Amino acid sequence: MPRGIMYVETMPASPDRVEEYHTWYNDTHLAQITSVEGIVSARRFAPADGNGPFIAIYELDSDDLDAVLRRLGELGASGKMTGMEHLAMEPKPIPKVYREIGSHAG
């Protein structure tokens, strides 16, 4: 079964709303995204040097990775993805899907 990840870079809507952004993202948004069939987990990361966007990596488990992205788009279009006002939209966050081509555990 093909597996992959979805990678998304985001920033808070404004510098004075960083705490609100993190609370919404961690407590609400991650659950909304992982409710989509084929998205099985989510992790977020902050830049070690404090500069740049925050990233989210979602693990995908599906035979059709493109279908997972379509279902995510349907969730957004349905109005059931709330709180998007917490995200900066310039530039707009664009999910990028990557398929796994190898792995190694140490």
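Here is a short report on the structure shown in this document.

**Quick notes on the sheet that holds strand S3 (residues 54-61)**
The 4 strands are arranged S2-S3-S1-S4 in an open sheet whose pairing can be described as antiparallel. Unpaired on one side and paired on the other, strand S2 (39-45) and strand S4 (96-99) mark the two borders of the sheet. For this sheet the average axis-to-axis angle between neighbouring strands, irrespective of direction, equals 20 degrees. Two elements, S2 and S3, share 6 bridges in a ladder whose sense is antiparallel. Of the residues in S3, the one forming a bridge with Ile39 is Leu60. Each of strand S1 (3-10), S2 and S3 touches helix H1 (residues 18-34); the most contacted strand, S2, lies at about 160 degrees to it.

Parameters at a glance
- Residues numbered from 1 in each chain as written.
- Predicted model: local features only at pLDDT ≥ 70, side-chain atom pairs only at ≥ 80, totals over all residues.
- Heavy atoms only, no water.
- Pairing = 2+ DSSP bridges.
- Helix = DSSP H or I, 4+ residues; strand = E, 2+ residues; numbered from the N terminus.
- Axes fitted to C-alpha atoms, helices over the stretch in contact; angles between N-to-C directions.
- Contact = heavy atoms within 4.5 Å.

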